[in-house]
Amino acid sequence: MEFRGAITALVTPFRNGEVDEEAYRALIEWQIEEGIHGLVPCGTTGESATLSHEEHKRVIRICVDQVKGRVPVLAGAGSNNTKEAIELTREAKNAKADGALLITPYYNKPTQAGLVAHFKAIGAAVDMPFIVYNVPSRTSLNLLPETLAIMKKEIPQVVGVKEATGDLNQVSRVLEYCGQDFQVLSGDDFTALPTMAIGGRGVISVVSNFAPRKGSDMCAAFFAGDLEKAKTIHFELGPLFRASFLETNPVPAKQTLGWMGRIPFEIRLPLVPMQPANEAKLRAALTAAGIL
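On a predicted model such as this, the values are computed, not experimentally measured, just so you know. (Residues numbered from 1 in each chain as written. Predicted model: local features only at pLDDT ≥ 70, side-chain atom pairs only at ≥ 80, totals over all residues. Heavy atoms only, no water.)

S.K.: Explain the overall build of the protein chain to me, using residue names and the numbers behind them.
M.R.: Looking only at helices and strands, the protein chain features twelve helices and ten strands. Over its C-alpha trace the protein chain gives a radius of gyration of 18 Å, about what one expects of a compact globule, namely 19 Å for 292 residues. Taken over the C-alpha atoms alone, the protein chain extends approximately 50 × 45 × 35 Å along its principal axes. For the protein chain, the exposed area adds up to about 12000 Å²; of that, 52% sits on carbon and sulfur atoms. One finds the centroid of the 30 positive side-chain charges in the protein chain at a distance of 2 Å from the centroid of its 32 negative side-chain charges. (Helix = DSSP H or I, 4+ residues; strand = E, 2+ residues; numbered from the N terminus. Rg over C-alpha atoms; globule rule 2.2 N^0.38 Å. Areas by Shrake-Rupley, 256 points an atom, 1.4 Å probe, with all protein chains shown as cover. Lys, Arg positive; Asp, Glu negative; His and termini not counted. Charge placed at Lys NZ, Arg CZ, Asp CG, Glu CD.)

S.K.: Outline the sheet that holds strand 10 (residues 202-205), supporting the account with residue identities and numerical values.
M.R.: Across the sheet, eight strands lie side by side as 4-1-10-9-8-7-6-5; this open sheet has parallel pairing. Edge positions in the open sheet fall to strand 4 (38-40) and strand 5 (74-76), since each of these has one partner strand only. Mean inter-strand twist for the sheet, computed between neighbouring axes without regard to direction, equals 30 degrees. Where strand 8 (residues 158-163) and strand 9 (residues 183-186) come together, four bridges link them in parallel fashion. Across the sheet, residue Lys162 finds its bridge partner in strand 9, namely Leu185. (Pairing = 2+ DSSP bridges. Axes fitted to C-alpha atoms, helices over the stretch in contact; angles between N-to-C directions.)

S.K.: For the side chain of Glu247, give the residues involved together with the corresponding values.
M.R.: With respect to the secondary-structure elements, Glu247 resides in the loop between helix 10 (227-243) and helix 11 (251-260). At 8.9 Å, Lys281 is the nearest oppositely charged side chain to Glu247, a buried residue that forms no salt bridge. Separated by 2.9 Å, the side chains of Glu247 and Asn278 make a polar contact. What Glu247 contacts, discounting residues up to four positions off in sequence, is Pro252, Pro273, Met274, Gln275 and Asn278. (Buried < 20%, exposed > 50% of the residue type's maximum accessible area, 1.4 Å probe, protein only. Salt bridge = Lys/Arg side-chain N within 4 Å of Asp/Glu carboxyl O. Polar contact = N/O pair within 3.5 Å; in protein donor to acceptor, adjacent residues only side chain to side chain. Contact = heavy atoms within 4.5 Å.)

S.K.: Describe the packing of helix 3 (residues 82-94) against helix 4 (residues 112-125), listing the residues and the values that go with them.
M.R.: Viewed as axis vectors pointing N to C, helix 3 and helix 4 meet at an angle of 40 degrees, and their least axial separation amounts to 9 Å. In this structure, helix 3 crosses over helix 4, and the sense of that crossing is right-handed. Residues Thr82, Ala85, Ile86, Thr89 and Arg90 of helix 3 lie in contact with helix 4, whose contacting residues are His118, Ala121, Ile122 and Ala125. Residue composition of the contact of helix 3 with helix 4, grouped by class: five nonpolar, three polar and one charged. (Left-handed = near helix turned anticlockwise from the far one by under 90°. Nonpolar A, V, L, I, M, F, W, Y, C, P; charged D, E, K, R; others polar.)

S.K.: Could you give an account of the side chain of Thr191, with specific residues and numbers?
M.R.: With respect to the helices and strands, Thr191 occurs in the loop between strand 9 and helix 8 (192-197). Not counting residues up to four positions away in its chain, the partners in contact with Thr191 are Gly166, Leu168 and Ser186.

S.K.: Summarise the nonpolar core; cite the residues concerned and give the values.
M.R.: Counting residues in hydrophobic clusters, the biggest one holds 81 residues, and the most contacted among them are Ile28, Leu39, Cys63, Val67, Met151, Phe182 and Phe210. With residues up to four places along the chain from it excluded, the contact list for Cys63 reads Leu10, Tyr24, Ile28, Leu39, Pro41 and Val73. Counting 13 residues, the second largest nonpolar core, distinct from the first, contains Leu74, Leu101, Ile103 and Leu185. (Core = buried A, V, L, I, M, F, W, Y, C linked by side-chain atoms within 4.5 Å.)

S.K.: Help me get a handle on the pairing of strand 9, residues and values and all.
M.R.: On strand 9, burial covers both faces: Gln183 and Leu185 on one face and Val184 and Ser186 on the other are all buried. For the segment spanning strand 8, helix 7 (residues 168-178) and strand 9, crossover handedness is right-handed. Relative to strand 10, strand 9 runs parallel, the two being bridged by two bridges. Each residue of the ladder has a partner; that of Ser186, found in strand 10, is Val203. In the classification by handedness, the crossover that spans strand 9, the intervening helix 8 and the parallel strand 10 is right-handed. (Right-handed = clockwise from strand over helix to strand, strands pointing away.)

What follows is the structure, encoded as structure tokens:
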């Protein structure tokens, strides 16, 4: 299974405190209609931290069922508790997801050796493709390229990484040490095109929640060899990349989808609605881009 192109880190719609299955299925269907190349349920953007285990499993199953094999589903299944990560990854496999997106353990701050041991334990328990998620801004640790090279060699399930360091030097070293067959995906929209330019496979995107066609077109243009078109779209999306992080993700993305009428705008504490000044900036960027 190759994870390639524009892959949306899906928001999880809520209504009156519960997962809104109808809105979620409709959002997934629209994503596929717009040409998206893959979907990630239950990632950070999906507010996985506030989903119960039962909700987590249900959201993955809904996504897989709605997709029906039309695009790859990379299910968020990570945890800072190795035993819990094994359980969630096993559930992702049972739901017939195509792979698992596994964040490095947060808060515990394991050593690099501890990271290898964590993923080795998951791989020993569940045999499916893993994309490791490296996001130091949320975990307080950085999975080093040298460590990834060890993991690729010693853990067959580790087929790639979602690199959300924003550091192209690190991305380049990952590709150098792990080889071009290793599936490197940008974890930040703004580094998607530069990552692909040095050998990456695409992006796990926040902005494609509400602009899936633009994201898929940019990646498709790049892989078709039309760098000028890909650059044009990249710069068109620039204001949206910035606006999507005016406040904590996924609040701006959910607010945008709410304004678009795609989902009800509802988030779970401790996230709160945007401050009025930032909300106005978001609306201005979306209006300028023709989304609203």
